[in-house]
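# Working through the structure, step by step
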Amino acid sequence: MNLTAVKAIYIFEMARFFRTLTQSFISPVISTALYFVVFGSAIGSRIQEVDGVSYGAFIVPGLIMLSIMTQGISNASFGIYFPKFIGTIYELLAAPINFLEIVVGYVGAAATKSLFIGLVILATAGLFVDLNIQHPIAMLAFMVLTCTSFALFGFIIGIWAKSFEQLQLIPLLVLTPLVFLGGSFYSISMLPPVWQTVTLFNPVVYLISGFRWAFFGLADVPVGLSLLAIAGFTGICLVAVWWIFKTGWRIRS
Amino acid sequence: MRSILDITDLKKVYEGGFEALKGVSLSIHEGEILALLGPNGAGKTTLISTVCGITTNTSGDIRVDGYCVKDDYRAARRLIGLVPQEVNLEPFETVWNTVRFSRGLHGKRRDDAYLEKILRKLSLWEKKSSRIMELSGGMKRRVLIAKALSHEPRILFLDEPTAGVDVSLRKDMWDTVNELKRDGVTIILTTHYIEEAEAIADRIGVINKGELLLIEEKASLMQRLGQKQLTVELQDAVTAVPDALSDHGLVLSEDGRTLTYSYDTQADRTGITQLLGDLSAAGLVLKDLQTAQNSLEDIFVTLVEEGQA
Ligand SMILES: Nc1ncnc2c1ncn2[C@@H]1O[C@H](COP(=O)(O)OP(=O)(O)OP(=O)(O)O)[C@@H](O)[C@H]1O
Ligand SMILES: [Mg+2]
């Protein structure tokens with residue numbers, strides 16, 4: 001493992017983040033505040049409590065998940081797509097490094113960024129509602145795992161994409177609906193039975209449910225299943241990355 | 001002489017079936033400057049890309065200081081610095097960070113003093129905190145060179161380093177290249193400028209349509225350049241070279257009006273005086289005289305045309 005190279009990639013990628021730190025910091029704060037105003041106040045005035053948790057607090061895990069998933073994907077996909085787009089990828093290809101080191105550098109940086117944003121949202125949410133996190137370590141673990149696996153997923157999208165449109169396509173077309181329909185802002189038990197069953201095919205449900213369990217000790221699906229789901233998703237991404245590595249798909253002509 | 005790069009029967013077929021390299025074999029001596037000449041699309045960049053790991057070769061063997069570029073890619077690539085043809089740089093990053101990144105990527109420990117030396121040599125030190133997008137085109141080219149040198153390579157590839165670079169900067173670059181050579185770095189450069197190859201290369205290779213047409217010491221090429229032609233235009237056409245002139249090896253044109261005499265400018269006697277004497281003795285009336293020198297360009301053009309025929 002060429003650790004110096006991994007570090008170089010990581011630092012270089014983080015520099016992009018720090019260049020726009022204010023922006024990286026302000027936008028999640030504002031959007032979180034907005035969510036609280038819209039969902040917390042408007043809907044919260046009708047739904048006071050879900051399973052004994054105030055609605056404002058109830059949506060916090062979903063809100064964080066929504067952000068770290070989309071941020072993880074967009075950071076990592078942009079991170080690797082940009083060098084492809086402007087041509088600086090030649091340097092990665094000509095360096096004495098293998099694909100694994102490239103992945104660790106880029107995905108590590110992207111995961112760090114989304115983790116940072118997740119924590120910023122958590123802190124912002126703490127200003128609006130009382131948060132009493134029941135399993136803090138599990139919460140952090142879920143967050144790190146989600147950041148990492150979605151950054152991996154984003155990395156694959158970045159390698160696959162041939163245009164900026166394609167880069168936006170998956171997050172917009174696939175992820176956003178899955179997250180909104182994944183119980184971010186409601187409990188699955190609030191849906192009619194048919195939809196409850198349908199929802200169980202949505203992988204995001206498992207992530208949000210597990211994450212929410214770490215906060216409040218309540219879950220739509222068993223925590224074990226949630227862990228399995230995220231492990232499975234990470235596994236699939238790793239296999240895809242390994243295959244890309246083997247074949248040089250869309251990187252080396 | 002020890003060779004540092006050995007390419008054997010290298011073939012590259014791009015996706016879609018285009019054969020960009022058709023079995024190129026080439027040995028590069030340690031410490032030399034090799035200039036690769038060739039028209040657009042000849043395969044120069046493809047050749048460099050396969051050595052550096054940017055594209056994979058379809059078949060053939062590439063060894064850098066004995067290391068196979070596929071099996072021992074780490075060892076091989078550590079030795080190589082690459083200045084690509086296109087100016088590809090991260091626009092928002094500073095010169096300093098970009099160069100430092102390149103060094104780290106090659107697994108070299110941080111060495112600010114060394115990077116400062118490079119940036120100073122390339123007159124970029126004042127610009128080290130500027131973002132790339134704030135630099136002029138020539139400066140960006142130099143940043144590419146700084147990046148390529150950041151990890152102290154033993155072999156440096158320069159893919160058309162002087163394209164779009166003004167005369168004084170070009171001279172500076174040649175100086176830098178010569179300095180690197182003095183430090184023992186092997187340099188392979190591609191260029192469209194024949195004067196450039198003449199000015200700095202030890203050996204010159206000509207490549208066209210994926211084939212290496214020639215690779216030769218510049219000195220011996222120059223000897224071929226030493227050949228000059230004297231063209232004699234006659235007042236009246238003749239049907240054959242007169243017997244009295246047969247010793248001079250003259251070539252008669254088809255219309256019978258011009259005679260061409262080849263001679264070596266470096267020889268003690270060119271034989272021109274003798275020839276002119278013999279011409280008038282044979283009763284030929286001269287209308288005009290012309291001399292012409294072979295240039296590397298002629299050789300190049302001839303080779304390329306032969307290759308196309
Ligand atoms: N990625 C690619 N896919 C398909 N064909 C390619 C690719 N890259 C280059 N080629 C083709 O291979 C041939 C050689 O290209 P190459 O870039 O090596 O030429 P070159 O000698 O560097 O030319 P120039 O002097 O214009 O830089 C060209 O016909 C080009 O169209
Ligand atoms: Mg080229």
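Residues numbered from 1 in each chain as written. Chains lettered and ligands numbered in written order. Predicted model: local features only at pLDDT ≥ 70, side-chain atom pairs only at ≥ 80, totals over all residues. Heavy atoms only, no water.

## Let's talk about the overall build of chain A
Along chain A, the regular secondary structure elements total 10 helices and 2 strands. Listing every helix and strand of chain A by position from the N terminus yields α-α-β-β-α-α-α-α-α-α-α-α. Taken over C-alpha atoms, the radius of gyration comes to 19 Å for chain A, in line with the 18 Å a tight globule of 253 residues would show. With 253 residues in all, chain A has 51% of them scored as buried. (Helix = DSSP H or I, 4+ residues; strand = E, 2+ residues; numbered from the N terminus. Rg over C-alpha atoms; globule rule 2.2 N^0.38 Å. Buried < 20%, exposed > 50% of the residue type's maximum accessible area, 1.4 Å probe, protein only.)

## Here we look at the overall build of chain B
The helix and strand inventory of chain B stands at 10 helices and 14 strands. A compact globule built from 309 residues should have a C-alpha radius of gyration of about 19 Å, whereas chain B, at 25 Å, is more than 25% larger. The 309 residues of chain B split such that 46% are buried. Of the contacts made within chain B by residues no fewer than 6 positions apart, 69% connect residues no fewer than 24 positions apart. For chain B, the computed accessible surface area is about 14,700 Å², with 46% contributed by carbon and sulfur atoms. (Contact = heavy atoms within 4.5 Å. Areas by Shrake-Rupley, 256 points an atom, 1.4 Å probe, with all protein chains shown as cover.)

## Here's the deal with the pattern of salt bridges
Considering all chains together, one arrives at 19 salt bridges over all chains under this definition. With a shortest N-O distance of 3.0 Å, E90 of chain B and R16 of chain A are connected by a salt bridge. Of this pair, E90 of chain B sits in the loop between β6 (80-83) and α3 (95-105) while R16 of chain A sits in helix α1 (residues 3-19), which puts the two residues in different chains. By relative accessible area, which is 6% here, E90 of chain B ends up buried. One salt bridge in this structure joins K147 of chain B and E91 of chain A, with 2.9 Å as the shortest N-O distance. Taken together, the residues K147 of chain B in helix α5 (residues 137-149) and E91 of chain A in helix α4 (residues 89-94) connect one chain to another. The exposure class of E91 of chain A is buried, given its relative accessible area of 8%. Overlapping salt bridges, with partners in common, bring together E13, R16, R19 and K113 of chain A together with E90 and E93 of chain B in one network. (Salt bridge = Lys/Arg side-chain N within 4 Å of Asp/Glu carboxyl O.)

## Focus on the coordination of the magnesium ion (ligand 2)
All names here are of chain B. Protein-derived ligands of the magnesium ion (ligand 2) are T45 (OG1) and Q85 (OE1), with the metal-ligand distances lying across 1.9 to 2.1 Å. Linking T45 in helix α1 (residues 44-52) with Q85 in the loop between β6 and α3, this pair joins segments that are 40 residues apart in sequence. Residue T45 is classed as partly exposed on the basis of its relative accessible area, which comes to 32%. (Donors = N, O, S within 2.8 Å, 3.2 Å for Na, K, Ca; no water.)

## Here's the deal with the UniProt feature "transmembrane region" (unreviewed entry) in chain A
As annotated by UniProt and renumbered to match this structure, "transmembrane region" (unreviewed entry) occupies residues 21-43, 55-82, 140-161, 167-188, 200-219 and 225-245 of chain A. Helix makes up 100% of residues 55-82 of chain A and strand 0%, with an end-to-end C-alpha separation of 40 Å. (UniProt positions renumbered as here; feature names shortened; annotations may be inferred.)

## A closer look at the interface of chain A and chain B
By a widespread convention, an interface's size corresponds to the accessible area lost as its parts come together. Counting from both sides, the interface comprises 26 residues of chain A and, opposite them, 31 residues of chain B. Between chain A and chain B lies a buried interface of about 2,600 Å² when both sides are counted; carbon and sulfur atoms form 58% of it. Of all residues in chain A, F12, Y90 and P96 of chain A bury the most surface against chain B, accounting for 28% of the area lost on that side. Viewed at the interface, chain B and chain A are joined by 5 salt bridges. Along the contact surface separating chain A from chain B lie 10 residue pairs in polar contact (both at pLDDT 80 or more). When contributions to the side of chain A that touches chain B are tallied by element, the ones reaching two or more residues are α1, α3 (55-86) and α4 of chain A. A per-element tally of the side of chain A that touches chain B places α1 of chain A first, with 9 residues. Partitioned by chemical class, the residues of the side of chain A that touches chain B number 15 nonpolar, 6 polar and 5 charged. (Buried area = accessible area lost by both parts, 1.4 Å probe. Polar contact = N/O pair within 3.5 Å; in protein donor to acceptor, adjacent residues only side chain to side chain. Nonpolar A, V, L, I, M, F, W, Y, C, P; charged D, E, K, R; others polar.)

## Here's the deal with the pairing of strand β4 (residues 59-64) of chain B
Residues and elements named next belong to chain B. Two elements, strand β1 (residues 3-13) and β4, share 5 bridges in a ladder whose sense is antiparallel. Bridging from a neighbouring strand, D6 pairs with R63 of β4. Note that β4 and strand β5 (residues 67-68) share 2 bridges and pair antiparallel. Note on β5: the bridge partner recorded for V64 is Y67. (Pairing = 2+ DSSP bridges.)

## Quick look at the domain arrangement of chain B
In terms of domain boundaries, chain B breaks down into domain 1 (3-223) and domain 2 (227-293). Taken over C-alpha atoms, the centre of domain 1 of chain B sits 47 Å from the centre of domain 2 of chain B. (Domains from an automatic or database assignment.)

## A short note on the site of ligand 1
Residues and elements named next belong to chain B. The environment of ligand 1 is made up of 14 residues, and the closest members are N40, K44, T45, T46 and Q85. Q85 places a polar side-chain atom, nitrogen or oxygen, 2.7 Å from an oxygen atom of ligand 1. With respect to ligand 1, the side chain of E160 contributes an N or O atom lying 3.2 Å from an oxygen atom. Starting from 640 Å² of accessible surface for ligand 1 in isolation, the protein chains cover 66%. Each residue belonging to the shell around ligand 1 can be placed in one class, and the counts come to 5 nonpolar, 7 polar and 2 charged. (Near = heavy atom within 4 Å.)

## Side note on the pairing of β6 of chain B
All names here are of chain B. Across the two faces of β6 the burial is the same, with I80 and L82 and G81 and V83 all buried. Taken together, the 4 bridges between β6 and strand β7 (residues 155-159) define a ladder with parallel strand orientation. Bridging across to β7, G81 finds its partner in L156.

## Focus on the sheet that holds strand β12 (residues 251-252) of chain B
Residues and elements named next belong to chain B. Strand order across the open sheet formed by 4 strands is β12-β13-β11-β14, with antiparallel pairing between neighbours. Edge positions in the open sheet fall to β12 and β14 (286-293), since each of these has one partner strand only. As paired strands, β12 and strand β13 (residues 258-264) are joined by 2 bridges and run antiparallel to one another. Along β13, the bridge assignment pairs V251 with T260. Packing against the sheet, helix α9 (residues 272-281) makes contact with β11 (227-234), β13 and β14, and its axis sits at approximately 160° to β13. (Axes fitted to C-alpha atoms, helices over the stretch in contact; angles between N-to-C directions.)

## Describing the sheet that holds β5 of chain B
All names here are of chain B. Here we have 4 strands laid out as an open sheet, ordered β2-β1-β4-β5, and antiparallel in their pairing. Each having just a single partner strand, β2 (19-29) and β5 make up the two edges of the open sheet. Packed on one face of the sheet, α1 meets β1, β2 and β4 and runs near 115° to β1.

## Considering the packing of α3 of chain A against helix α7 (residues 164-180) of chain A
Residue and element names in this part refer to chain A. With their axes 11 Å apart at the nearest point, α3 and α7 run at an angle of 170° to one another. Taken together, the axes of α3 and α7 lie roughly antiparallel to each other. Residue-level contacts link L66, M69, T70, I73, S77, F78, Y81 and F85 of α3 to F164, L167, P171, L175, V179 and F180 of α7. When its residues are assigned to classes, the contact of α3 with α7 shows 12 nonpolar, 2 polar and no charged. (Parallel < 35°, antiparallel > 145°, perpendicular 65-115°, else oblique.)

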